[in-house]
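Residue strings, one per chain:
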Protein chains: 2
Amino acid sequence: MYRTHTCGQLRLSDAGTKVTLAGWVQKSRKLGGMTFIDLRDRYGITQLVVEADSPIAEAAASLGREYVIQVEGEVIERASKNAKMPTGEVEIKLSGLKVLNKAATPPFTIEEESDGGEDIRAKYRYLDLRRPPLQKALALRHRLAQEVRTFLDNEGFMEIETPYLIKSTPEGARDFVVPSRMNPGTFYALPQSPQTFKQLLMVSGYDRYFQIVRCFRDEDLRADRQPEFTQIDCEMSFVEQEDVLNTFEGMMRSMFKKALGVEIAPGIPRMSWYDAMDKYGSDKPDIRFGMTINEISDLVKGCGFSVFDASEYVGAIAVDGCAEYTRKQLDELTEWVKRPQVGAKGLVYIKLNADGSVKSSVDKFYSPEQLKAVADKCGAKTGDLVLVLCGPKRKTQGQLGVLRLELGQRLGLRNPQEFAPLWIVDFPLLEWSEEDSRFYAMHHPFTAPKPEHEALFYSDKKEDLEKVCANAYDFVLNGSELGGGSIRIHNADMQSRMFDVLGISKEDAEAKFGFIINAFKFGAPPHGGIAFGFDRVCALFGGQETIRDYIAFPKNNQGRDVMIDSPSKIDDTQMEELFLSSTYTEPCA
Amino acid sequence: MYRTHTCGQLRLSDAGTKVTLAGWVQKSRKLGGMTFIDLRDRYGITQLVVEADSPIAEAAASLGREYVIQVEGEVIERASKNAKMPTGEVEIKLSGLKVLNKAATPPFTIEEESDGGEDIRAKYRYLDLRRPPLQKALALRHRLAQEVRTFLDNEGFMEIETPYLIKSTPEGARDFVVPSRMNPGTFYALPQSPQTFKQLLMVSGYDRYFQIVRCFRDEDLRADRQPEFTQIDCEMSFVEQEDVLNTFEGMMRSMFKKALGVEIAPGIPRMSWYDAMDKYGSDKPDIRFGMTINEISDLVKGCGFSVFDASEYVGAIAVDGCAEYTRKQLDELTEWVKRPQVGAKGLVYIKLNADGSVKSSVDKFYSPEQLKAVADKCGAKTGDLVLVLCGPKRKTQGQLGVLRLELGQRLGLRNPQEFAPLWIVDFPLLEWSEEDSRFYAMHHPFTAPKPEHEALFYSDKKEDLEKVCANAYDFVLNGSELGGGSIRIHNADMQSRMFDVLGISKEDAEAKFGFIINAFKFGAPPHGGIAFGFDRVCALFGGQETIRDYIAFPKNNQGRDVMIDSPSKIDDTQMEELFLSSTYTEPCA
């Protein structure tokens, strides 16, 4: 061992002890002939001191940033203590120093906030990973993974590994595929999730399964999506929705407590998908603050304002204490909602001025009483600002939801250290695609309808099918979906019905899901499960919105790892062995 | 919840309790008008009883094997108790029964020993997984995984996930590759191990890393190899070989204790690679029994037996109590060693008969005293059989090693419930390939030479380089290598030297390992690590030789998953999106 202690370990009580430390030179400075060195490792920073007349004074003075050194010396009490550091009461008076490895000057500073841009830090990810925020992020991830496993192990869940080389089932997102050399002309696929395998494990009687598992999706990458991501994947037999929600409420509360020391009250709130859409314009509402959406169609339609009259839906939110927004601010907000990312046609406002008067951009169509009625509906009080959007119902609610989040952000209502989890339940089972003229499964084709909607599910009418609620649930935290799942179809007939509804032919279903349809014939138990996006769980627990710092080696928005320069060309012999040729022609330079 | 208790839970103390159970019908039988049903789940089997006059008698009588049912009833004391079952003192007198799912008749019996062949069980893996031996195997695997993580977490290791979509580095075995749609003409590779990433994590200062991680190797599959397999992958900074061995001796002892209740004495033995080859003819010796190999060249050469005289090496083993082997048995053994799998030219024997006489197949070349000297060298005593092979040294030792294992097996010396771990150390760093006329790294190109052999490592002479020992170690249990690792090169100059020695050009090294060579310039700490083959760890802990039962969904020897029928063809549109075309032509039928 190159050390007797870590750089985070020594305290005043160790004074007088002879120690050996090893680590990286965080910085070094000369002061009155003495050299002070901050030695860093994962565990902390310890100050080293070399006196002017020491035989190692010259060596100490010539150390560069990020040199790896091993030192010997005695722990002494510091003259000027640093209360901010756990080791701040001591320093090591060095008697020996050995350079274990030199270091070239890093291309950016290895500190809390680096001076390096995103690209250079990505290229030198191994240096960026030395920075304290990333070390903390990965330490949190480690802690959460251990606590998840401990909780689930204690609850009788078995961790069972499912294969990564599986079969392409082009329902949903695109698969990454892997050519098979031993079976020429054929491909494996990388799993988008272990969905079918975990259901087979229930058929096999494993009763409670979990896995922290990598999943793969070849999507055009939106911001903050990764081609490979990690799921906490779980499944249980002989359960109903209530059992799943209770179990994973327990898991989440345990993770908050063990990893963050945060107590989440039992009885995490539940909200129906319809309520979430109506009140928050989102299936993942941020309930850390109010400002909920109110339909005001019946208060404002038929009063001569043609824009509202022509709209399916008119909705509004009350913004606390913002009646004093200036014309300029309101114009800016109007431009903001008209951006293509939001897509509203315009924005109507109602100010409830401090003097009791009401001022609105639609004054000429509505009396102050009518406007006050709108404000009352929204729960607005004197000093508040009411913002109104109109259009098709779900679309407008969505726009109001986005506006709500933006204002929540601007008003500082979205404290990342506050945690407001909830369950969304009672999703529609099916989504109609006008474009493809078919239904898609809102979750996936193995999700069961709610027991009370089974008759509707077997109806031939589109409008009946649209009403069917799924036995499904999402776990939402602070406006992000962290997980989702459902009670599965465990009956072969019902599964066939689902494929029929989704327009998947018997042949296609057989080719893609034949083994699971078949498995269900041999005694499938009632079962259900859930999967959490572990990258996002870590980020949100860490109080961050983006997942990239919570993944040791993430890929960029083009799916590239710029550190290892991947993906890259492979040798011709590899292509030949795989019986593949590329049809791609490089664009002219 | 569909149940109040599991099928393994109820005891005599529960008599009188009203319970609800759910599970699978293991079997049902009628006896004097009553129906007895064995209800099974992961936790055990509980006997149900339905009386002849019960309103559910008819329903109970019509249940098939593997039906999934839910039952209500009262726990009662059994008339005829079954001491072999934890629930054997009670049965449930049913008042209600509901069929949750019917089951087609399984294609083989779901019992301890199935009547199904390997192929049919592979196709219906989800049914085979219901059998007790597989349930036990996966339960052991789960337990071991949790104990590994708990141990390493307590030792300050951080679990850090490394990417699966990485870069092809065709040193060693073949990579599986993954075409990138977003970066046409290029490929990711699936990792053969997270080797470079874990070393980068050490450069990043994470100090102690671990991961239970999937790895991929596109090899022509020998028996009991899988294209995807799982490793316990670990790395530590500021350590020497002694620290790594001590840490992982601790991990292994903890796994034995926690998962099996087996105490392994501290101080797991260590053996040099040279000793292992000389004494056991193997770099993974089974030390549960003796029968070690002895070189007898100097005792038998120059006595006129030209076969020995012409051989580089003559070696022998003493087989306990087998002097009475018949001519037929010895002929069979001779044929056995001459099979191509062993490859010996012939077999010489010396019998130390009970009457004190010596009988050998080479009597005419050697006096009884000379033969006794050979026997003495082997530690043979009256009643033993000495077996002799000759030829090139390492090859002959290997053949003697294989013969030794075979005889150990035949003589019942290889008890799978006995555990004899050891460390193999002091491996050669390099292996010369006559075929390619170059050196290969015996472990991998990041393994450091032993500090005392550094000067040899920089020598230009082949014979010097062959003498260099690696700072490497293998963990061996009962004749299987369970893990291996090394102290790594942490110095950029030494790494370049290694690439030179291996004949990897600067350009190739830069293209394949540029990022890690570069990383080492920024302050790499001394570090080393180890990886264990988790599938094999599980199998050996379970007392089995083959890993397949310890993997939930294994592939067959052609790399196929016959349950999901993978790999398979993919859609033309998928091929087009990936800019790929197949050059494979199906052979004519």
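Trainee: Help me out: how do you make sense of the packing of aromatic side chains in this one?
Mentor: Applying the stated criterion across every chain yields a total of 53 aromatic pairs over all chains. Here Trp-273 of chain B and Tyr-274 of chain B contribute two aromatic rings whose centre-to-centre distance is 5.1 Å and whose plane-to-plane angle is 90°, an arrangement assigned as edge-to-face. With a relative accessible area of 10%, Trp-273 of chain B lands in the buried category. In this structure an aromatic cluster arises from ring pairing among Phe-157, Phe-248, Trp-423, Tyr-473, Phe-475 and Phe-532 of chain A. Above the face of the Trp-432 of chain A ring, Lys-462 of chain A is positioned so that its terminal group lies 4.7 Å from the ring centre.

Trainee: Would you take a moment to explain the interface of chain B and chain A for this structure?
Mentor: Interface size is often expressed as the accessible area that is lost when the parts come together. Every contact between the two is made by 130 residues of chain B and, on the other side, 130 residues of chain A. For the pairing of chain B and chain A, the buried interface totals around 11400 Å² over both sides, and the portion due to carbon and sulfur atoms is 56%. Taken together, the connections running from chain B to chain A amount to 18 salt bridges. Counting across the chain B and chain A interface gives 83 residue pairs in polar contact (both at pLDDT 80 or more). The dominant element in the side of chain B that touches chain A, judged by the number of residues it contributes, is helix α4 (residues 132–154) of chain B, at 11 residues. Looking at the side of chain B that touches chain A, its residues break down into 67 nonpolar, 31 polar and 32 charged. With 3 bridges connecting them, strand β23 (residues 580–582) of chain A and strand β23 (residues 580–582) of chain B associate as antiparallel partners. Bridge assignment links Ser-581 of chain A to a residue of β23 of chain B, and that residue is Ser-581 of chain B.

Trainee: Can you walk me through the packing of helix α4 (residues 132–154) of chain A against helix α6 (residues 241–260) of chain A in this structure?
Mentor: A pair of packed helices is captured by two measures, namely the crossing angle of their axes and the spacing between those axes. Residue and element names in this part refer to chain A. Put simply, α4 and α6 touch, their axes get as near as 9 Å, and they point 140° apart. Taken together, the axes of α4 and α6 are oblique relative to one another. Crossing of α4 over α6 shows right-handed handedness. Contacts between α4 and α6 involve Leu-140, Arg-143, Leu-144, Glu-147, Val-148, Phe-151 and Leu-152 from the former and Thr-247, Phe-248, Gly-250, Met-251, Ser-254, Met-255, Lys-258, Ala-259 and Leu-260 from the latter. A breakdown of the residues in the contact of α4 with α6 according to their chemical character gives 10 nonpolar, 3 polar and 3 charged.

Trainee: What should I look at first to understand the domain arrangement of chain A in this one?
Mentor: Per the domain assignment, the segments making up chain A are domain 1 (12–101), domain 2 (133–266 + 533–574), domain 3 (289–410) and domain 4 (421–473 + 492–523). Spacing between the C-alpha centres of domain 1 of chain A and domain 4 of chain A amounts to 65 Å.

Trainee: Would you mind going over the sheet that holds strand β4 (residues 68–77) of chain A with me for this structure?
Mentor: Within a beta sheet, neighbouring strands are joined by backbone hydrogen bonds and run either parallel or antiparallel to one another. Residues and elements named next belong to chain A. Read once around its circumference, the closed barrel built from 5 strands follows the order β1-β2-β3-β5-β4, with strand pairing classed as mixed. Each adjacent strand pair in this sheet contributes to an overall mean axis angle of 55°, direction not counted. Direction of pairing for β4 relative to strand β5 (residues 90–101): antiparallel, over a ladder of 10 bridges. Within β5, the position partnered with Glu-77 by the bridge is Val-90.

Trainee: Explain the relation of the copies chain B and chain A to me, please; I cannot follow it from the model alone.
Mentor: Think of it as a corkscrew move, a rotation about one axis and a shift along it, taking one chain copy to the other. Between chain B and chain A, the superposition needs a rotation of 180° and an axial shift of 0.0 Å, giving an RMSD of 0.0 Å. When the rotation and shift are considered jointly, the pair of chain copies conforms to a two-fold rotation axis.

Trainee: Sorry if this is basic, but what is going on with the sheet that holds strand β20 (residues 472–477) of chain B here?
Mentor: Residues and elements named next belong to chain B. Spatial ordering of the open sheet is given by β6-β9-β10-β22-β21-β20-β17-β11, a layout of 8 strands whose pairing is mixed. Edge positions in the sheet fall to β6 (158–159) and β11 (270–272), since each of these pairs with one other strand and no more. Here strand β17 (residues 421–425) pairs with β20 via 5 bridges, running antiparallel. Note on β20: the bridge partner recorded for Leu-422 is Val-476.

Conventions we followed
Residues numbered from 1 in each chain as written. Chains lettered and ligands numbered in written order. Predicted model: local features only at pLDDT ≥ 70, side-chain atom pairs only at ≥ 80, totals over all residues. Heavy atoms only, no water. Phe/Tyr/Trp six-rings, centres within 6.5 Å; stacked < 30°, edge-to-face > 60°. Buried < 20%, exposed > 50% of the residue type's maximum accessible area, 1.4 Å probe, protein only. Lys NZ or Arg CZ within 6 Å of the ring centre and 35° of its normal. Contact = heavy atoms within 4.5 Å. Buried area = accessible area lost by both parts, 1.4 Å probe. Salt bridge = Lys/Arg side-chain N within 4 Å of Asp/Glu carboxyl O. Polar contact = N/O pair within 3.5 Å; in protein donor to acceptor, adjacent residues only side chain to side chain. Helix = DSSP H or I, 4+ residues; strand = E, 2+ residues; numbered from the N terminus. Nonpolar A, V, L, I, M, F, W, Y, C, P; charged D, E, K, R; others polar. Pairing = 2+ DSSP bridges. Axes fitted to C-alpha atoms, helices over the stretch in contact; angles between N-to-C directions. Parallel < 35°, antiparallel > 145°, perpendicular 65-115°, else oblique. Left-handed = near helix turned anticlockwise from the far one by under 90°. Domains from an automatic or database assignment. Least-squares fit on C-alpha atoms with pLDDT ≥ 70 in both.

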